[in-house]
Protein chains: 4
Amino acid sequence: MADRRALVITAPGIMSLQSAAELTPGPGEVVARPVHTGICGTDLELLAGVVDPAYTRYPLVPGHEWSGIIEAAGPGVTGLAPGQPVIAEGIIPDRVCAQCVRGHTNLCLVYDELGFTRPGAAADQVLLPAQVVHVLGSQVGLLDAALAEPAAVAWRAIGRGRPRPGERIAVVGDGTLALVTTHLLRLYTPAELVVCGQRPAQADLAAELGATRFEVSGRAGMFDLVIEAAGTAAAVERAIGLARRGGRVVLVGLAGNDVTAALPIDDVVNNDLLISASFAYTSAAWADVTALLSAGQIRLSPLITHRFPLEAYEEAYDVLRSASGPRGKVILDVSAP
Amino acid sequence: MADRRALVITAPGIMSLQSAAELTPGPGEVVARPVHTGICGTDLELLAGVVDPAYTRYPLVPGHEWSGIIEAAGPGVTGLAPGQPVIAEGIIPDRVCAQCVRGHTNLCLVYDELGFTRPGAAADQVLLPAQVVHVLGSQVGLLDAALAEPAAVAWRAIGRGRPRPGERIAVVGDGTLALVTTHLLRLYTPAELVVCGQRPAQADLAAELGATRFEVSGRAGMFDLVIEAAGTAAAVERAIGLARRGGRVVLVGLAGNDVTAALPIDDVVNNDLLISASFAYTSAAWADVTALLSAGQIRLSPLITHRFPLEAYEEAYDVLRSASGPRGKVILDVSAP
Amino acid sequence: MADRRALVITAPGIMSLQSAAELTPGPGEVVARPVHTGICGTDLELLAGVVDPAYTRYPLVPGHEWSGIIEAAGPGVTGLAPGQPVIAEGIIPDRVCAQCVRGHTNLCLVYDELGFTRPGAAADQVLLPAQVVHVLGSQVGLLDAALAEPAAVAWRAIGRGRPRPGERIAVVGDGTLALVTTHLLRLYTPAELVVCGQRPAQADLAAELGATRFEVSGRAGMFDLVIEAAGTAAAVERAIGLARRGGRVVLVGLAGNDVTAALPIDDVVNNDLLISASFAYTSAAWADVTALLSAGQIRLSPLITHRFPLEAYEEAYDVLRSASGPRGKVILDVSAP
Amino acid sequence: MADRRALVITAPGIMSLQSAAELTPGPGEVVARPVHTGICGTDLELLAGVVDPAYTRYPLVPGHEWSGIIEAAGPGVTGLAPGQPVIAEGIIPDRVCAQCVRGHTNLCLVYDELGFTRPGAAADQVLLPAQVVHVLGSQVGLLDAALAEPAAVAWRAIGRGRPRPGERIAVVGDGTLALVTTHLLRLYTPAELVVCGQRPAQADLAAELGATRFEVSGRAGMFDLVIEAAGTAAAVERAIGLARRGGRVVLVGLAGNDVTAALPIDDVVNNDLLISASFAYTSAAWADVTALLSAGQIRLSPLITHRFPLEAYEEAYDVLRSASGPRGKVILDVSAP
């Protein structure tokens, strides 16, 4: 396997497929072969160079949503072996800081993330600390597993919202994160599970993933739990308005630097709302998502609407940029399953 | 006692001390004699006529913060007898709606409140459903007890924030509610208990009630728990900024119709904040405050900076309107203890 | 309808079907016509006279599990009208005690219960305080609804256990309460939902209600959550043994006066277990169960294995006493739906 | 410093002070000089050889409760430097297992503990992974800090009980753990804080540490929260009996292999109790205790009733074995502060 490839953003605006040296795992590390690697809005921002420099290191190999197969395990690694199907946390927590030891690995004091500050999975090989690797059950489709990252984000957010069966739940947004969130919320058997989105073309996809209804505006004050997964000021304002008196709102969508939503103070206080923000994911969320995938309780691949071989990366990025027609996740097929 | 008095707001802008017929308790009711009755910003709004008409009924006897003595108990009332020192919930919950039966009496589907829709305690007598009356321990000073209402509001808000000993806690605001909140937070033995206020003249009062420090601006990102009790957009924005990553914010201050704060979406999400709003109080909060007062664990009377006999009500309202010098609670002394 | 009937236990050991005067609802009351009335182990104890006298009043009309139709509503009753299909909480909370106002209506300081201290629903009419009546959606089958009472018990217990999708959950017991609990737990989409029972003949019923497996012994230390619904010392001991390290156990089964289980102190501490007991039900649980039934999310009638007309009550009690073959709920059909 | 000493239990029953080679920290490690090292009942069991062999490795240097000074830090260690006063978690969590990443470091899948499976602090030097070391504020007395280990156990247990100001709280037991628990509970400002112990001679010590009363039997059914810290079947049974209806019980005391308490099933269910067991401590508890010590919010040294130089270890163990007179913690003074 002489010529390994890696998609490299040399500097903002400049991306190419390059050949890469073979990777060898050091102590406590593994090397995996990505099979499917998703791209998302943040990847567009990484290419454009608009992500806060504190969170990036160029040249940069993108790819933080992926599934693959272990190729090699380094010295001292136990429980991981070549051939195993795996996914891996993108954020690499240090495990020993004040946040990590409390289980808040999403708030780790040291930031390091696949596809941002260390080479990601849009490549034929990816190097990983063994401690962030999760082994999938043998029945799991790698296409389903490629969506584990947004699923982990959604699962952490859902946990903050403490859903209960029989509740009326709304998800604001109609993109990948919103639809993954919807699919996971299904597990709590809500009485209603409404996707409130701006693109009616997404309605069928929403239904297939478990929504009981798609609405553009939503009914104000009607929901026990509302999860905002669109990441715009308007969506945050709508989410707060959808919650019933005594209801709960979870904010998970990122809106971009310095974007503010208008928080109606008295409405929020009079309605006794609980507004939980949820950043990224915890290691616990990854473990849970791995188990849900492995038990066949979630099936995320219906969200994938576009697939391209790695070498067609430009086309993939173009599709992601344009928003016509129903669109779910865009995937780069990096290697054969 | 032929000539009982009641302070009456006949219509917005018109207030006078009038003589009132003697009250007799019906089944399940008691009549109490208010001893001390506080006035607050909302009373100014009731006089000005700017409170949402859905929550008022004129002519209106104000007075929702008070302590007093039971004069008579109606048929079927048990556990309450003339001579007992008491306080009473201002909001009269119906006890049977979907919110009440879950303990969320602050969200009762039927609104009825002393001093808003039913005659309050700025009068020689007040009529009360027995079910909202709380009997004080014999050691409790009625001046301390006169602040039970804001204490119940504060206690509900504090409970939403789940404080723990050793935490760094900030209270945003320097009015009565903020200082009562500070005094109650003391019970959790925080490592720091900072009052962030706009009026340095309140610093001594804050210290006397338990604050470890008074600051005008506060240190951003430093607090485990922040309670906003000022009720302005700037205060809400400051409160959100004061919370550390992974911290909690409680919003309890009301800001007035349609006032919005700028919610910095990405900061809130990246910081994984929990923002809990808290409306009014529950019956449970009143029971707890009654117990804390009765056990001598809280002492709120230092907050009282101005006292007037009932007949000097105009002067009392004037003092409340003007904000020069340190000012805590303004009290009308209605009858002898 | 000149001759209304009521099943009456005149004194322990003596039961007969008697004619009864027509009931008229007073203020705040309704009269309902029971359609289906279940009998349970406690009814056998009421007949035998072995229930603590503090909780009974003879002559006694049994019947605390039932569904029916409103016949008449008394003065001041709103939201309830003749013809509506209803269920009702058996325990009548006073709504104003220290427990009720916190939502803990199951711990109400005043005890009063249909079929124990006030006439129950094994009769052509039953008198009810309006505040405990829950109106069913028009689609709900009254047979399903007849199991609302054990469902409310199960739902309160489940809430104490905080289940999460993907967990391994065990229910210890194979009687009505255990199987209803299993059916409701299904709503949380556990990865495994194992019924650990003593009667393999119940396995099919368990499967129909949602169990993924029936086991006699269960695998020790394997479950995230275990709910004990059998009410024997052995079952409690088994439940504690089934929980994994860091797991949760809920005890809901009653075992009879003075029965003790052997609590293995060091195992419980080393395993960091959380053991929650759950007594009866709250009003909130009834509201939730009503909503789940009305939304068609639960279907309990498969649990009903035996039905008798009211006049065949002796046969019904006999069937309940004997335990051969699969047996779920025994129902008296009191009137036509 | 040619001749470093270590107390060594060569094999069960055989203990001596031996000379030891100087320790050098490897990567990620530090060497500390213990100043004060406490001994406890478990140390007696380690000497007797009655601790489960899965948790011990002989020859064994005891000492898991201690405070000291860093002497040297190995390569790659940051934030730790010679001269700093420190304490350290005894249980060394692996930080990467399924329990650790959720913050449940007390349930780490890999067991390794200072003074059990690796050399403890009854020695002139102790080798530590840097990740378990907590730096004390410069004001903290090392004698107070020597009790950090039982304080961490108590703090984890207290957190499970969710105390609130104004509650009636009982601690069952009168040994070190019970009294440390009492001292920490003080921070929540309970209305009553009763120590229920068997040795009235401990009453003064209990009062000094914050108890409002010492009782031998306690009043049944009167407490909102009861923490069992004695570790006997009778104490567990008493603890369950002391809780009020709807109350909470925390079990933290270990009773010895196979000891069972009689769990009164119906009482527990009727009383809707929440029984939480708490094993050892989490890293979070250590961080909290370090902060409480550093802020001067807790002062544990009054618990120390006996001190001996290291070489008088036999006398120290003898005192610990005999229980006449008030007795708190027995300390070995290993080196000068």
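Below, the structure is looked at part by part.

The rules behind each value
- Residues numbered from 1 in each chain as written.
- Chains lettered and ligands numbered in written order.
- Predicted model: local features only at pLDDT ≥ 70, side-chain atom pairs only at ≥ 80, totals over all residues.
- Heavy atoms only, no water.
- Contact = heavy atoms within 4.5 Å.
- Buried area = accessible area lost by both parts, 1.4 Å probe.
- Salt bridge = Lys/Arg side-chain N within 4 Å of Asp/Glu carboxyl O.
- Polar contact = N/O pair within 3.5 Å; in protein donor to acceptor, adjacent residues only side chain to side chain.
- Helix = DSSP H or I, 4+ residues; strand = E, 2+ residues; numbered from the N terminus.
- Nonpolar A, V, L, I, M, F, W, Y, C, P; charged D, E, K, R; others polar.
- Pairing = 2+ DSSP bridges.
- Buried < 20%, exposed > 50% of the residue type's maximum accessible area, 1.4 Å probe, protein only.
- Arc of directions from axis to C-beta.
- Axes fitted to C-alpha atoms, helices over the stretch in contact; angles between N-to-C directions.

Some thoughts on the interface of chain B and chain A
Each side of the interface is counted separately: chain B has 38 residues, and chain A has 38 residues. In total, chain B and chain A occlude about 3,000 Å² of area from one another, counting both sides; carbon and sulfur atoms represent 57% of this. Scanning the region where chain B abuts chain A turns up four salt bridges. Linking aspartate 272 of chain A and arginine 156 of chain B is a salt bridge whose minimum nitrogen-to-oxygen distance equals 2.7 Å. At the surface where chain B touches chain A, the tally comes to 21 residue pairs in polar contact (both at pLDDT 80 or more). Listed by contribution, the elements that provide at least two residues to the side of chain B that touches chain A are α3 (148-161), α6 (233-242), β12 (243-251), β13 (260-264), α7 (265-270) and β14 (274-277) of chain B. Within the side of chain B that touches chain A, the residues separate by chemical class into 21 nonpolar, eleven polar and six charged. Of the strand pairs in this sheet, strand β13 (residues 260-264) of chain A and β13 of chain B are connected by five bridges, and their pairing is antiparallel. Note on β13 of chain B: the bridge partner recorded for threonine 260 of chain A is proline 264 of chain B.

A short note on the interface of chain D and chain C
Between chain D and chain C, the residue contacts involve 38 residues of the former and 38 residues of the latter. Summed over both sides, the interface between chain D and chain C buries roughly 3,000 Å², with carbon and sulfur atoms accounting for 57% of that surface. Between aspartate 272 of chain C and arginine 160 of chain D there is a salt bridge, with the nearest N and O atoms lying 3.8 Å from each other. Elements represented by at least two residues in the side of chain D that touches chain C include exactly α3 (148-161), α6 (233-242), β12 (243-251), β13 (260-264), α7 (265-270) and β14 (274-277) of chain D.

Considering helix α1 (residues 41-48) of chain D
All names here are of chain D. Burial in α1 covers these residues: Asp43, Leu44, Leu46 and Leu47. One side of α1 carries all its buried residues, which in axial view fall inside an arc of 160°. Here the buried face of α1 lies against β1 (4-11), β2 (14-20), β3 (29-39) and α9 (313-321). Following α1 by one or two positions, glycine 49 has its phi on the positive side, about 80°.

A look at the sheet that holds strand β8 (residues 168-172) of chain C
Here twelve strands make up an open sheet; going across it, the order is β10(C)-β9(C)-β8(C)-β11(C)-β12(C)-β14(C)-β14(D)-β12(D)-β11(D)-β8(D)-β9(D)-β10(D) and the pairing mixed. Because the sheet does not close on itself, it has two edges, and the strands there are β10 (213-215) of chain C together with β10 (213-215) of chain D. Across the sheet, the mean angle from the axis of one strand to that of its neighbour is 20°, orientation sign disregarded. By the bridge criterion, five bridges tie strand β11 (residues 223-228) of chain D to β12 of chain D in an arrangement that is parallel.

Things to note about the side chain of aspartate 288 of chain D
Note that aspartate 288 of chain D resides in helix α8 (residues 283-294). You can call aspartate 288 of chain D buried: its relative accessible area is 14%. In this structure the side chain of aspartate 288 of chain D is engaged in a polar contact, spanning 2.9 Å, whose partner is the side chain of arginine 102 of chain A. Separated by 2.9 Å, the side chains of aspartate 288 of chain D and tryptophan 155 of chain D make a polar contact. Those residues in contact with aspartate 288 of chain D that lie beyond four places of it in its chain are Arg102 of chain A, Arg164 of chain B together with Trp155 of chain D.

Honestly, that's just the spatial picture; any functional story needs more than this.
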